[in-house]
Amino acid sequence: MIEIRRFSDNRGYLSVVEGEVDIPFEIKRIYYLYMVPEASRGSHAHKQLYQLMIATSGSVHVTLDDGRNKKTFVLDKPWKGLLVAPGLWRTLDDFSGGAVCLVLANNKYDAEDYIRDYNDFLKYKGL
Ligand code: TYD
C-alpha cells in the first residue's frame, strides 16, 4: 500500500500521482471500474504489467495471491493506493455502492499478458 500525496486547503483535497515519481513506473494507461454490482472482478494475473489501484470513491477489497499466500487489502480512501506487481493473482470484490476503482498501468492493453486460468497461474509460478 502507498500513501498518495495530497494537498488540502479550505477548498478541499487534491491528490496526485506522477509516473516514475510517486510510483516506480511510467503510466501508459488508465481505466476505472464503476457501477459494479455484487460481483467479483479480476481473477487473473499479469506476466509483466505493473498497476496502481485506487478507490477514488467508496471502497473495494483487493485480494492478492502469489500462489502460496493470499492477502486482502481494503481500498477505502482516495489517498490509499495498492501497487500490484506482475505475477500476482488478483480478485476485486465487495465494491461499495458508488465505488470507483481507478487503475494506473505501465502498459497498453495486451491480452497476451493475462493468465486467466488459476492452474496455469500455479504452473507459471512453478508451483
Ligand atoms: P476484464 O479483464 O474482464 O475486466 P476485470 O479484470 O476487471 O474483470 O475486462 C473486461 C473487458 O474490457 C474485456 O473485454 C477486455 C476489455 N478491456 C480493454 O479493452 N482494455 C483494457 O485496458 C481493459 C482493462 C479491459
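These notes cover the structure that comes with them. Since we're looking at a predicted model, the values are computed, not measured. (Residues numbered from 1 in each chain as written. Predicted model: local features only at pLDDT ≥ 70, side-chain atom pairs only at ≥ 80, totals over all residues. Heavy atoms only, no water.)

Here we look at the site of the ligand
Argument step 1. As a matter of local geometry, the ligand sits amid Arg-29, Tyr-31, Leu-33, Arg-41, Gly-42, His-44, Tyr-109, Tyr-114 and Arg-116.
Argument step 2. At 2.9 Å, a side-chain N or O of Arg-41 approaches an oxygen atom of the ligand.
Argument step 3. Between the ligand and Gly-42 there is a distance of 2.9 Å, counted from an oxygen atom to a backbone nitrogen or oxygen.
Argument step 4. Relative to its unbound accessible area of 540 Å², the ligand is 58% covered by the protein chains. (Near = heavy atom within 4 Å. Polar contact = N/O pair within 3.5 Å; in protein donor to acceptor, adjacent residues only side chain to side chain. Areas by Shrake-Rupley, 256 points an atom, 1.4 Å probe, with all protein chains shown as cover.)

Let's talk about the packing of aromatic side chains
Any pair of aromatic rings gets described here by the distance separating the centres and the angle formed by the planes.
Argument step 1. What the rule picks out here adds up to seven aromatic pairs.
Argument step 2. Relative to Tyr-34, the ring of Tyr-32 has its centre 5.6 Å away and its plane inclined at 35°; by these criteria the two rings are tilted.
Argument step 3. Judged by its relative accessible area of 47%, Tyr-32 is partly exposed.
Argument step 4. Taken together, a centroid distance of 5.5 Å and an interplanar angle of 45° make the contact between Trp-89 and Phe-121 tilted. Taken together, the residues span a long stretch of sequence, with Trp-89 in strand 10 (residues 89-93) and Phe-121 in helix 1 (residues 118-124) at a distance of 32 residues. Each member of the pair, Trp-89 as well as Phe-121, is classed as buried.
Argument step 5. Among the aromatic residues, those joined into a ring-pair cluster are Trp-89, Tyr-118 and Phe-121.
Argument step 6. The aromatic ring of Trp-79 is capped on one face by Arg-6, whose charged end is 4.0 Å from the ring centroid. (Phe/Tyr/Trp six-rings, centres within 6.5 Å; stacked < 30°, edge-to-face > 60°. Buried < 20%, exposed > 50% of the residue type's maximum accessible area, 1.4 Å probe, protein only. Helix = DSSP H or I, 4+ residues; strand = E, 2+ residues; numbered from the N terminus. Lys NZ or Arg CZ within 6 Å of the ring centre and 35° of its normal.)

Structural notes on the nonpolar core
Note that soluble globular proteins tend to have their nonpolar side chains buried in a common cluster.
Argument step 1. With 17 residues, the main nonpolar core has Met-53, Leu-82, Leu-92, Phe-95 and Cys-101 as its most contacted residues.
Argument step 2. Breaking this core down by element, the ones donating at least two residues are strand 6 (51-57), strand 7 (60-65), strand 8 (70-75), strand 9 (80-84) and strand 11 (100-105).
Argument step 3. Looking at which element gives the most residues to this core, the answer is strand 7, with three residues.
Argument step 4. When near neighbours in sequence (up to four residues on either side) are disregarded, Leu-92 contacts Leu-33, Ala-39, Ser-40, Arg-41, Gly-42, Met-53, Val-60, His-61, Val-62 and Cys-101.
Argument step 5. Core analysis: the next-biggest nonpolar cluster, separate from the first, contains seven residues, Phe-25, Leu-52, Leu-102 and Leu-104 among them. (Core = buried A, V, L, I, M, F, W, Y, C linked by side-chain atoms within 4.5 Å. Contact = heavy atoms within 4.5 Å.)

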